[in-house]
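# Breakdown of the fold
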Amino acid sequence: MNFELTEEQEMIRDAARDFAQRELLAGVIERDENATYPKEQVKRLGELGFLGMLVSPEYDGGGMDTVSYVLAMEEISKVDASVSVIMSVNNSLVCWGVQKYGSEAQKEEFLKPMARGDKIGAFLLSEPEAGSDATSQRTTAVDMGDHYLVNGIKNWITSGGTASVYLLIAHTHPEKKHHGINAFLIDSKLEGISVGPHENKMGMRASDTHSVMFNNVKIPKENRLGEDGQGFTIAMRSLEGGRIGIASQALGLASGAYELALQYAQERKTFGKEIFKHQAIAFKLADMAVEIEAARFFCLKAAWLKDQGKPYGQASAMAKLYAAETAMKVTTEAVQIHGGNGYVKEYHVERLMREAKLTQIYEGTSEIQKIVISRGLLA
Amino acid sequence: MKILVCISNVPDTTTKVKFTDNNKQVDDAGVQWIINPWDELALTRAIELKEDGNNSIDEVCVINVGLSKCDATLRKALAIGADKAIRIDADPIDAYYVAAQIADYLKNNPFDIVLSGIESSDYNGSSVGGMLSEFMDCPAISSMTKLEIENGNVTIHRAIPGGKQILELTTPFVGIVQKGITNEPRIPAMRGIMMARKKPLEVLSAVEMESLSHIVEFELPVAKASCKMIDAEHLEELVNLLKSEAKVL
């Protein structure tokens, strides 16, 4: 067993930290307040190769391992989770599926520009009445012989309004239940696609989240990803990896809030001494440090399993559950340590707390993770 | 045209400095090492010049005199865009030792431009560049804030008190780099980090030589005294404190 990071993994972590501190921190409060999409920041994310860091160099990606991805996601999420969610969806939910299941033509057309950051990808699974319960898809893709005809609505789509590429999940043979689901790789500007208004969210306000409507959209046959009926497997396998991304995001929210609280506790004085010297605060920080370290181990273990080619679904569910719960607890305590200052925007921790809440909900709620984990116990 | 950039491996600027061995050694436990910020600016400018098609720079090489712990720093220089790294395997004692080792390498490996940061954020010797130029018998341009090369013609700006001096010169020379030479250091991109795996990092033996100085002891600066705020209406209290505590009256 080895807990040492490689020289290269440390370099990637430091590069992500430099990027976050130098290029994301300034303006993060305003972007959140005004729900402004971080266009320039996402462009830089692409230039630095973070948007396709897990994609093979053969397809213009960085060819980095998942451990490095966890480290980068943590550093970027410490500062701006609206940016890191775009990175996570592009890498884990869209690029991964195309690299794994896509044809060479699809990789050429869609994967390469996404890996370079020239195009952004969105993952269209959730519906008004089907989130993690993916078999209840109402969106249909009827096989018309030479094309599929798609009708339906997708909800809560990260990058829904800005993405150029959609990875769409829809039912082709509802009678076959999950064996009748297909995945498609499409241009987001196809005729018949319309995008709903920007969701006015509690947190991660700068990432653009939309509903996407499909009204008699013709999708060419060659845009189906994988085999006929393989869509459910593609969606579930993508989410297994996606959970590592969101777990790392939650970890970053927790460690970012902890770092701010630790610094504040050494500066703020009450009753003649720094509040860190009051045991009530020192013990809070000790608890936060322990839980963050445990969450980090969960994330790195899941990433390591993935890099070793071993099953990681159970580990990624545990990482997502534990890191999200830790993020909520730690960010709330960070606000508490900041007192009144924690309740105002300029100290950042209230934003991190609002953002942490989403990590308990999206890409499978904490309750869904427990379903995945408990089913795995009997497997 | 070839540029050599001298790289110091220094503790991160936020490091809490501690000493061991009766205050004769810096305690490097837990220290994160970085490229000396002024050297990083020099490297960034060298890479910018190479990328700009209007000049004929075909190689940017970095050199460091240090032990294997410096390899990560050199690898970062390669990831940022240097073509090749040289490490002279020695634990440098002073600036003269470093300059002499680099000068020895330059005897058989000539470069047109050698860049070095004006200071290093660890020992702040500010002397490697000047010593190198003496060894090389070529000009040293100190406090360089701009470096332009066009069709082989070199133009340099130097920061001087109250203004700047603009020079034209021929190679070879040593440029001692000040802030302003470029906007800010580069963040290595994933592609650069990946390419750095295949770039050469050559480790050479040091030439035998004595250092000209030895360290007796390090001392940390005295901690700043705390500040006492006296209400403007209590001038008597201020006078008393100046007499009894500060003892300046």
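Everything quoted here is computed from the prediction, not taken from an experiment.

Rules behind the numbers
Residue indices begin from 1 for each chain and proceed along its sequence in written order. Think of it this way: whatever chain is written first is A, whatever ligand is written first is 1, and the rest follow in order. Local features in this predicted model are restricted to residues whose pLDDT is 70 or higher, and side-chain atom pairs enter the listing and the counts only when it is 80 or higher, whereas totals over whole chains, interfaces and linings include all residues. Each side-chain value is worked out from all heavy atoms of the structure, with water and hydrogens disregarded. Accessibility here uses a 1.4 Å probe with only protein chains present; expressed as a share of the type maximum, an area under 20% marks a residue as buried, one over 50% as exposed, and anything in between as partly exposed. In this description a helix means any DSSP run of H or I spanning at least four residues, a strand means any run of E spanning at least two, and both kinds are numbered starting from the N terminus. Two strands are said to pair when DSSP picks up at least two bridges between them. For each domain, the first and last residues come from an automatic or database assignment. Residues are treated as being in contact if the distance between any of their heavy atoms lies within 4.5 Å. Joining two parts hides part of their accessible area as seen by a 1.4 Å probe, and the buried area is that hidden amount summed over both. For this analysis, a polar contact is any N or O atom pair within 3.5 Å, provided that within protein one partner can donate a hydrogen and the other can accept it, and provided that sequence-adjacent residues contribute only side-chain to side-chain pairs. Amino acids outside the nonpolar list (Ala, Val, Leu, Ile, Met, Phe, Trp, Tyr, Cys, Pro) and the charged list (Asp, Glu, Lys, Arg) are all regarded as polar, and Gly is one of them. Definition used for salt bridges: Asp or Glu carboxyl oxygen within 4 Å of a side-chain nitrogen of Lys or Arg. All axes here are fitted lines through C-alpha atoms, helices being fitted over the stretch that makes contact, and every angle between N-to-C directions spans 0 to 180 degrees. UniProt positions are given in the numbering used here, feature names are shortened, and annotations may be inferred rather than shown by experiment. Side-chain rings of Phe, Tyr and Trp, where Trp is taken by its six-membered ring, are said to pair if the distance between their centres is within 6.5 Å; with planes under 30 degrees apart they count as stacked, over 60 as edge-to-face, and otherwise as tilted.

What follows covers the pairing of strand E12 (residues 173-177) of chain B. All names here are of chain B. Counting buried residues in E12 gives five out of five residues, a clear majority hidden from the surface. Taking every second residue as pointing to the same face, both faces of E12 are buried, with Phe-173, Gly-175 and Val-177 on one and Val-174 and Ile-176 on the other. Examined bridge by bridge, strand E8 (residues 113-117) and E12 share five bridges and lie parallel to one another. Residue pairing across strands places Ser-116 opposite Ile-176, the latter belonging to E12. As judged from the three bridges shared by strand E9 (residues 140-150) and E12, these two strands associate in the parallel manner. Residue pairing in the sheet places Ala-140 in a bridge with Val-174 of E12.

Residues and elements named next belong to chain A. According to the domain assignment, chain A consists of domain 1 (7-120), domain 2 (122-229) and domain 3 (233-377). Here the C-alpha centre of domain 2 lies 22 Å away from the C-alpha centre of domain 1. Between domain 1 and domain 2, the residue contacts involve 23 residues of the former and 23 residues of the latter. With both sides pooled, the region where domain 1 packs onto domain 2 buries about 1900 Å², and carbon together with sulfur makes up 69% of that total. Counting the surface domain 1 buries against domain 2, the share from its top three residues, Gln-106, Phe-110 and Ile-120, is 27%. Inspection of the region where domain 1 meets domain 2 yields seven residue pairs in polar contact (both at pLDDT 80 or more). Looking at the side of domain 1 that touches domain 2, the elements that each hand over two or more residues are helix H2 (28-34), helix H5 (81-101) and helix H6 (104-116). Looking at the side of domain 1 that touches domain 2 element by element, the count peaks at 10 residues for H5. Its residues assigned to classes, the side of domain 1 that touches domain 2 comprises 14 nonpolar, five polar and four charged.

Time to look at helix H2 (residues 71-80) of chain B. Most of H2(B) is tucked away: eight of the 10 residues are buried. Buried within H2(B) we find B:Asp71, B:Thr73, B:Leu74, B:Lys76, B:Ala77, B:Leu78, B:Ala79 and B:Ile80.

The next thing to look at is the interface of chain A and chain B. Facing 24 residues of chain A, the contacting portion of chain B comprises 17 residues. Between chain A and chain B, roughly 1600 Å² of surface is buried when both sides are summed, and carbon and sulfur atoms account for 59% of that area. Between chain A and chain B we count three salt bridges in total. In this structure, the salt-bridge partner of A:Glu7 is B:Arg75, at a minimum N-O distance of 3.4 Å. Counting every contact that joins chain A to chain B gives six residue pairs in polar contact (both at pLDDT 80 or more). Elements that contribute at least two residues to the side of chain A that touches chain B include exactly helix H1 (7-24) and helix H3 (39-47) of chain A. Of all the elements, H1(A) adds the most residues to the side of chain A that touches chain B, at 12 residues.

For A:Lys112, the location among the structural elements is in helix H6. Beyond its immediate sequence surroundings of up to four residues, A:Lys112 is in contact with A:Glu58, A:Tyr59, A:Asp60 and A:Lys107.

Another point: the pairing of strand E7 (residues 84-89) of chain B. All names here are of chain B. Examined bridge by bridge, strand E6 (residues 59-66) and E7 share six bridges and lie parallel to one another. Along E7, the bridge assignment pairs Cys-61 with Lys-84. Inspection of the sheet shows E7 paired to strand E13 (residues 201-205) by five bridges, in the parallel sense. For Ile-88, the partnering residue across the bridge sits in E13 and is Leu-204.

Adjacent strands of a sheet pair through backbone hydrogen bonds, lying either parallel or antiparallel. All names here are of chain B. With mixed pairing, nine strands are arranged side by side in an open sheet as E11-E10-E9-E12-E8-E1-E6-E7-E13. Of all the strands in the sheet, the pair left with one neighbour each is strand E11 (163-169) and E13. Across the sheet, the axes of successive neighbouring strands diverge by a mean angle of 30°, strand direction being ignored. Relative to the sheet, helix H1 (residues 37-51) contacts strand E1 (2-6), E6, E8, E9 and E12, its axis offset from that of E1 by approximately 165°. Each of E6, E7 and E13 is contacted by H2, which is oriented at about 160° to E7, the strand it contacts most.

Residues and elements named next belong to chain A. By the secondary structure assignment, Gln-137 is in the loop between strand E1 (121-124) and strand E2 (140-143). Residue class for Gln-137 comes out buried when judged on its relative accessible area of 6%. Sequence-wise, Gln-137 and Phe-3 are 134 residues apart; in three dimensions their C-alpha atoms are separated by 42 Å. Each residue touching Gln-137, except ones within four places of it in the same chain, is listed here: Leu-125, Glu-127, Ala-130, Lys-154, Ile-169, Ala-170, His-171 and Ile-181.

This brings us to the UniProt feature "domain: Acyl-CoA oxidase/dehydrogenase middle" (unreviewed entry) in chain A. Per the UniProt record, the feature "domain: Acyl-CoA oxidase/dehydrogenase middle" (unreviewed entry) sits at residues 122-217 of chain A. The straight-line gap between the two end C-alpha atoms of residues 122-217 of chain A is 17 Å; of that span, 0% is helix and 47% is strand.

What follows covers the packing of aromatic side chains. All names here are of chain A. With the rule as written, the count across this model stands at eight aromatic pairs over all chains. Each ring, one from Trp-96 and one from Tyr-101, has its centre 6.1 Å from the other, and the planes form 75°; the classification is edge-to-face. With respect to class, Trp-96 is no different from Tyr-101; both count as buried. A centroid spacing of 6.0 Å and a plane angle of 85° characterise the contact between Tyr-264 and Tyr-347, whose relative ring orientation is edge-to-face.

Glancing now at the side chain of A:Arg354. With respect to the secondary-structure elements, A:Arg354 resides in helix H10 (residues 349-359). A:Arg354 sits in the buried class, given a relative accessible area of 15%.

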